[in-house]
Structure formats: structure tokens, C-alpha cells
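The residues making up each chain are set out below.
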Amino acid sequence: MDFRSRLDAAWRTQNSLLCVGLDPDPAKFPAHLKGRPDAVFEFCRAIVDATADLACAFKPQIAYFAAARAEDQLEALIAHIHAKHPQVPVVLDAKRGDIGATAQQYAREAFERYQADALTVNPYMGFDSVEPYLEWKDRGLIVLCRTSNPGGSDLQFLEVGAGRKLYQHVAELVATKWNPHGQAALVVGATFPQELADVRKIVGDVPLLVPGIGAQGGDVEATVKAGRTAAGSGLMISSSRAILYAGKGEDFADAARAVALATRDDVNRYRG
């Protein structure tokens, strides 16, 4: 199945809009994992196994693995997810944003080396920076649109004509010209529910990856009501730190599951 089909199936069979972010910081690991050469993999594997039935997607953030010199453990983790939890697609959060031959190599890295089902990308360099990924018709391309950080307004809220904001223009491009195979999605932060609603109106049923709940303080009810589709899906609502570091002891995975379950159920309360 292609990414969109897998995501649609996950929303339905998992009964979840929760995307579990995997941002492994060894400084925050439980004591029994510290110093182990495979600590990053073992920490994330335990989180994955504890939450897989509650998630519509997993989202490893590549910088955390690269900084820990754990790219091989990222490969092993994604292979583990595909083998043990094939119903849950993997979004590689890398926010790539280059053109031409370099973008082609980023695509190979994400889709051949890591075997990710989807990749986040930055649209600042225009269609040239997006086009190489579209050759992978079975993989998802998730484009930054209205991000959850306050500084995103420095550029994303600029007017580009007739009162139209840049993020709205990006949303329309991604939903139309940049989506020839139906594989595109957008990143829109939970911290801006009105803009989330604006994007939903522009893009129809295009999936939205929504960071910003949990540690960043986004409101779950406002997020779901602003971004859901008529079918009550359409969202990958991402939570990372609040789930990953819910516990500090050897039972950290159980603590992560409890928070993921509560978050999944909280989201479902407002799906309609």
C-alpha cells in the first residue's frame, strides 16, 4: 500500500489520530539504559512496543539519532516497526529542503536507507525542492506550512497578495500543483487552531501532521475541532516528550503507554 492508504487504514483500524514522536535524548533515559551502546534503540523500541496499538503513526526525529551517532539504530528501529507493527506507518521528521541532485539523495536516504513511509520537507526553495520526492509515488511527502513555533510567523504570516498569507499559499500549492499522486500532507501546528481551520478549508481531506500538543501546550479540543475532516480523521496529532519521558524508572514504557492512552482517548472525545 502507498502512504495515504496505509494512513487511512491506521486511522480506521487503530481508532487513533495520535502520532507518537520519537525524540530520544540519552540524558533523559532511565538509569538502567545509560551507557549501553544500543540505548537509543532499546529506549525507542520499548516505547514503540508499548504504544503501537494506540498510534496512527510513529515520527522519529532524525537529529536526535544523528547527534547520538545512532543512525544505525534508527535503521534498526524502523525495521522493527515494519516487522512487528506493520499497521503503523513511519514518518521520518527531517525537514529536508534542497534542490536537484541533493534532494534526490535525501529521498534515497529517507526511503531506501531508512525505509520511511513519509518524510517532512521544507518548501522554502519552491517546487524544485519538492519534485524529486514525488518520484517515490508510494511514499508520503509532508510539507511545512504553519509551524507550531512562535517564530514561524516571521515568514509564514507574510501577506502575498489580497490579504492572503504565505502559509495559505503553501497549503494551496501542496493540495493542488504539488500533489499529482495524492501523496502530499502538511505540517500545521496545534498552537494556532484558527490557522489550522483555515488550512483545512483550503486543502479538503489532505492529511495534516499536527505537532504542538503535550509539552508545547496545544489545546486538544480546539485542535481536533479545527483540523478534523468530515469523517472525523485527517490528522496525525503528534506528541513526543510528554509520552517519552512520562516515567524515569525501569517501568518508563508503561508510563509512556498510560500517557499515550490518555492522549488518544482525549483526542477521540472530540472527533465527532
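Below is a summary of the structure that appears in this document.

What counts, and where the lines are drawn
Residues numbered from 1 in each chain as written. Predicted model: local features only at pLDDT ≥ 70, side-chain atom pairs only at ≥ 80, totals over all residues. Heavy atoms only, no water. Buried < 20%, exposed > 50% of the residue type's maximum accessible area, 1.4 Å probe, protein only. Helix = DSSP H or I, 4+ residues; strand = E, 2+ residues; numbered from the N terminus. Contact = heavy atoms within 4.5 Å. Polar contact = N/O pair within 3.5 Å; in protein donor to acceptor, adjacent residues only side chain to side chain. Salt bridge = Lys/Arg side-chain N within 4 Å of Asp/Glu carboxyl O. Core = buried A, V, L, I, M, F, W, Y, C linked by side-chain atoms within 4.5 Å. Phe/Tyr/Trp six-rings, centres within 6.5 Å; stacked < 30°, edge-to-face > 60°.

### Section: helix H10 (residues 220–227)
Among the residues of H10, Val220, Thr223, Val224, Ala226 and Gly227 are the ones counted as buried. In this structure, the buried residues of H10 make contact with helix H9 (193–203), strand E7 (208–210), strand E8 (235–239) and helix H12 (252–268). For H10, the N-terminal capping position is held by Asp219, with its side-chain oxygen 3.3 Å away from the main-chain nitrogen of Glu221.

### Quick notes on the pattern of salt bridges
Side chains that differ in charge, positive against negative, can pair when their charged atoms come close. In this structure the tally under the stated criterion is 18 salt bridges. Notably, a salt bridge pairs Asp53 with Arg257, separated by 2.7 Å at the nearest N-O pair. Here Arg257 lies in helix H12 and Asp53 lies in the loop between helix H2 (39–51) and strand E2 (57–60), a separation of 204 residues in the sequence. Note on Arg257: relative accessible area 29%, which makes it partly exposed.

### Focus on the nonpolar core
Counting 90 residues, the largest nonpolar core has Phe43, Phe58, Ile142, Leu186, Val199, Leu208 and Met236 as the members making the most contacts within it. No other element matches the nine residues that H2 contributes to this core. For Phe58, the residues in contact, after removing those within four places along its chain, are Cys19, Val20, Leu22, Val48, Thr51, Ala52, Ile81, Val88, Pro89, Val90 and Val91.

### Section: the packing of aromatic side chains
Think of a pair of aromatic rings as described by two things: how far the centres are apart, and how the planes are tilted against each other in angle. This model, assessed by the stated rule, comprises six aromatic pairs. A centroid spacing of 5.7 Å and a plane angle of 20° characterise the contact between Phe43 and Tyr245, whose relative ring orientation is stacked. Here Tyr245 lies in the loop between helix H11 (241–244) and H12 and Phe43 lies in helix H2, a separation of 202 residues in the sequence. Note on accessibility: Phe43 and Tyr245 belong to one class, buried. Ring centres of Phe43 and Phe252 lie 5.0 Å apart, and the angle between their planes is 10°; on these two criteria the pair is classed as stacked. Placement of Phe43 in helix H2 and of Phe252 in helix H12 is noted, with a sequence separation of 209 residues between them. The class of Phe43 is buried, set by a relative accessible area of 1%. Here the aromatic residues Phe29, Phe43, Tyr245 and Phe252 are joined through ring pairs into a cluster of three or more.

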